[in-house]
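Working through the structure, step by step
Okay, here's what each chain looks like letter by letter:
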Amino acid sequence: QVQLVESGGGLVQAGDSLRLSCAASGGSFGNYVVGWFRQAPGTEREHVGRIVWSTGAPVYTESAKGRCTISRDSAKNTVHLQLNNLRSEDTAVYYCAAGRPWRTDLGSVRRYNYWGQGTQVTVSS
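**Remarks on the overall build of the protein chain**
Each helix and strand counted, the protein chain has zero helices and 11 strands in total. For the protein chain, the sequential pattern of α-helices and β-strands runs β-β-β-β-β-β-β-β-β-β-β. Computed over the C-alpha atoms, the radius of gyration of the protein chain is 13 Å, within 12% of the 14 Å expected from 2.2 N^0.38 for a compact globule of 125 residues. Overall size of the protein chain, expressed as C-alpha extent along the three principal axes, is 40 × 30 × 25 Å. Buried residues in the protein chain amount to 41% of all 125 residues. In the protein chain, of all internal contacts separated by at least 6 residues, the share reaching a separation of at least 24 is 56%. Roughly 6300 Å² of accessible area belongs to the protein chain as shown, and the carbon and sulfur atoms make up 45% of that amount. Positive and negative side-chain charges in the protein chain, numbering 13 and 9 respectively, have mean positions lying 8 Å apart.

Put into structure tokens, the structure is as follows:
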């Protein structure tokens with residue numbers, strides 16, 4: 001069973017960048033798709049993007065395109081989410097999750113079996 005730990009969140013100003021990391025332990029990402037989600041207070045958890053570990057190909061939601069980059073570090077068994085030009089509306093807890101890549105609707109939280117504890121990103125305007 002893979003365990004996920006996020007890091008890299010913090011308090012930043014609008015326009016700044018952050019790189020979040022999702023490290024796996026107890027297993028590798030080799031047979032998984034790794035998704036990034038975020039949840040602001042009072043809202044549902046929403047998909048940001050994902051990467052299939054075996055191919056390294058990222059997929060982004062329309063709202064994430066252009067400001068977010070998802071990448072993998074095979075040596076460290078880690079997935080990164082680079083957030084650029086942050087806005088106040090990006091304030092949320094960011095989660096990474098692992099699921100099986102052959103499932104459909106990989107933008108849904110229901111397709112992911114393992115979740116990290118989340119990392120808070122706060123953007124001040």
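**Focus: the environment of V59**
Summarising the element assignment, V59 is placed in strand β6 (residues 57-60). On a C-alpha basis, the gap between V59 and I70 in space is 8.2 Å, while along the polypeptide they are 11 residues apart.

**Digging into the sheet that holds strand β1 (residues 3-7)**
Sheet architecture is open: four strands sit in the order β1-β3-β8-β7, paired in antiparallel fashion. Looking along the sheet, the strands with just one partner apiece sit at the ends: β1 and β7 (68-73). Across the sheet, the mean angle from the axis of one strand to that of its neighbour is 20 degrees, orientation sign disregarded. Bridge analysis of strand β3 (residues 18-25) against strand β8 (residues 78-83) gives six bridges, and the strand direction is antiparallel. Each residue of the ladder has a partner; that of A23, found in β8, is T78.

**A word on the pairing of β8**
Regular strands show a simple pattern: their side chains alternate between the two faces of the sheet. By the criterion of burial, β8 is predominantly enclosed, with five of the six residues buried. Alignment of β7 against β8, held across six bridges, turns out to be antiparallel. What sits directly across from I70, in β8, is L81. Hairpin remark: β7 followed by β8, antiparallel, with four residues in the connecting loop; positive phi at N77, about 50 degrees.

**Let's talk about the state of the cysteines**
The final tally for this structure, using the stated rule, is one disulfide. Here C22 engages in a disulfide with C96; their sulfurs sit 2.1 Å apart. What sets the handedness of the C22 and C96 disulfide is the S-S torsion sign, and at about 70 degrees it is right-handed. Of the two residues, C22 sits in strand β3 while C96 sits in strand β9 (residues 92-99), which places them 74 residues apart along the sequence. For C96, a relative accessible area of 0% translates into the label buried.

**Description of the packing of aromatic side chains**
Aromatic ring pairs: the centre-centre distance and the angle between the two ring planes describe each pair. Inspection of the entire model under this criterion finds six aromatic pairs. Geometrically, the ring pair formed by F29 and W53 is tilted, given 5.3 Å between the ring centres and 45 degrees between the ring planes. Separated by 24 residues along the polypeptide, F29 in the loop between β3 and β4 (33-39) and W53 in the loop between β5 (46-52) and β6 bring together distant segments of the chain. F29 sits in the buried class, given a relative accessible area of 0%. Note on Y95 and W115: the rings are 6.4 Å apart at their centroids and 80 degrees apart in plane angle, and the pair reads as edge-to-face. Highlighted residues: Y95 in strand β9 and W115 in strand β10 (residues 112-115), separated in sequence by 20 residues. One aromatic cluster in this structure is built from F37, Y95, Y112 and W115. Positioned above the aromatic ring of W53 is the side chain of R72, whose terminal nitrogen or guanidinium carbon lies 5.9 Å from the ring centre.

What counts, and at which threshold
- Residues numbered from 1 in each chain as written.
- Predicted model: local features only at pLDDT ≥ 70, side-chain atom pairs only at ≥ 80, totals over all residues.
- Heavy atoms only, no water.
- Helix = DSSP H or I, 4+ residues; strand = E, 2+ residues; numbered from the N terminus.
- Rg over C-alpha atoms; globule rule 2.2 N^0.38 Å.
- Buried < 20%, exposed > 50% of the residue type's maximum accessible area, 1.4 Å probe, protein only.
- Contact = heavy atoms within 4.5 Å.
- Areas by Shrake-Rupley, 256 points an atom, 1.4 Å probe, with all protein chains shown as cover.
- Lys, Arg positive; Asp, Glu negative; His and termini not counted.
- Charge placed at Lys NZ, Arg CZ, Asp CG, Glu CD.
- Pairing = 2+ DSSP bridges.
- Axes fitted to C-alpha atoms, helices over the stretch in contact; angles between N-to-C directions.
- Disulfide = S-S within 2.5 Å.
- Phe/Tyr/Trp six-rings, centres within 6.5 Å; stacked < 30°, edge-to-face > 60°.
- Lys NZ or Arg CZ within 6 Å of the ring centre and 35° of its normal.

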